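# Results of the structural survey
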Amino acid sequence: MEHNARYQEIAIDIAHSIVMGEYREGEKIHGRSTLAGRYNVSPETIRRSIAILQTMGVVMVSQGVGITVVSKSMAEKFMRGFDQKAEIQVYFDELKKLMEQRRELDQKIDAHLTKIVNYTDRLASRWMDVAEIEVAKGSSAKGKTLSDLKLREKTGLTVVAVVRGGIEQFSPGAEFILDDGDILLAVGSEQGKEKLQEILR
């Protein structure tokens, strides 16, 4: 019952005593000062506890008579209400725990996503490495067009430029004719670059 104020705890304890038969219906309960001493709280706290029980029809407080037990069944009902409140609190605590677990899970998911993104970035940058491959002297590629050599189909590479005499020609067309000493700037996989080197030897 840690979530209840002290006066609520005392009201529950008195109701429990009534349910257990410690106090019977029609019987007088100790005065406020005796109860204050028993529970080690101020008479004001006891006054609030008794006020709750009186509102719930468990006890009756009359001038000159004091506190009298009215109904054991109302004491049971009052306690059931607090049991439900405690039960709801358990659900709240469970929910809080689950939300914390979900937050941890979200953080783990975020961390994994970041790893995947970083890994993908690394792969992409590796894939985007531009290779410079020269048409070797005596290569069978000399005098042939890019279309003749079917470089895209055979290597999977994209020829982004051809350097001839120090001058780059970007995005050469399919009919571009290769010559000795041309340097092809190609983008693609390592395997593709190796195949292109074999073709241009």
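It should be noted that the structure appears before, not after, this text.
So, how was this worked out
Residues numbered from 1 in each chain as written. Predicted model: local features only at pLDDT ≥ 70, side-chain atom pairs only at ≥ 80, totals over all residues. Heavy atoms only, no water. Helix = DSSP H or I, 4+ residues; strand = E, 2+ residues; numbered from the N terminus. Rg over C-alpha atoms; globule rule 2.2 N^0.38 Å. Buried < 20%, exposed > 50% of the residue type's maximum accessible area, 1.4 Å probe, protein only. Pairing = 2+ DSSP bridges. Patch = residues over 30% accessible without salt bridge, like charges linked within 9 Å, V, L, I, M, F, W, Y side chains within 5 Å. Areas by Shrake-Rupley, 256 points an atom, 1.4 Å probe, with all protein chains shown as cover. Salt bridge = Lys/Arg side-chain N within 4 Å of Asp/Glu carboxyl O. 1 Å grid on protein atoms, 1.4 Å probe; cavity = no way out; pocket = protein on both sides within 12 Å on 5 of 7 lines; lining within 4 Å. Points joined across faces, edges and corners; volume = space filled by probe spheres on them. Nonpolar A, V, L, I, M, F, W, Y, C, P; charged D, E, K, R; others polar. Arc of directions from axis to C-beta. Contact = heavy atoms within 4.5 Å.

What follows covers the overall build of the chain. Scanning the chain for helices and strands turns up 7 helices and 7 strands. In terms of overall dimensions, the chain is more spread out than a globule: its C-alpha atoms have a radius of gyration of 44 Å, far above the 17 Å expected for 201 residues. Counting only C-alpha atoms and orienting by the principal axes, one finds that the chain spans roughly 125 × 30 × 20 Å. Within the chain, buried positions represent 31% of all 201 residues.

This part takes up the pairing of strand β3 (residues 66-69). Along any regular strand the residues' side chains alternate between the sheet's two faces. Relative to β3, strand β1 (residues 28-29) runs antiparallel, the two being bridged by 2 bridges. Across the sheet, the residue bridging to isoleucine 29 is isoleucine 67, located in β3. Sheet analysis places strand β2 (residues 59-62) next to β3, joined by 4 bridges and oriented antiparallel. Bridge pairing links serine 62 to glycine 66 in β3. Taking the residues that link successive antiparallel strands as the turn, the β2-β3 hairpin has 3 residues, and the phi of glycine 64 there is positive, at about 85°.

Okay, a nonpolar patch on the surface next. A surface patch of nonpolar side chains, about 490 Å² in accessible area, is lined by Ile88, Phe92, Leu95, Leu98 and Met99. Take methionine 99: it is sitting in helix α4 (residues 72-127).

A few words now on the layout of surface pockets. The volume enclosed by the largest pocket comes to roughly 170 Å³. For the largest pocket, the full set of lining residues is Leu146, Ser147, Lys150, Leu151, Arg152, Glu153, Leu157, Thr158, Val159, Pro172, Gly173 and Ala174. Those elements that place two or more of their residues in the lining of the largest pocket are α5 (146-149), α6 (151-155) and β5 (158-164). Top contributing element to the lining of the largest pocket by residue count: α6, with 3 residues. Partitioned by chemical class, the residues of the lining of the largest pocket number 6 nonpolar, 3 polar and 3 charged.

Let us now look at helix α7 (residues 190-200). What sets the pattern is the α-helix's 3.6 residues per turn: residues three or four places apart point alike. Within α7 the residues assigned to the buried category are Gly192, Lys193, Leu196, Ile199 and Leu200. Considered in projection along α7, the buried side chains sweep an arc of 115° and stay on one side of the axis. In α7, the exposed positions that point more than 90 degrees away from the buried face belong to Gln191 and Glu198. Buried-residue contacts for α7 involve β4 (130-134), α5, α6 and β7 (183-187).

Worth remembering: the numbers are spatial, not functional.
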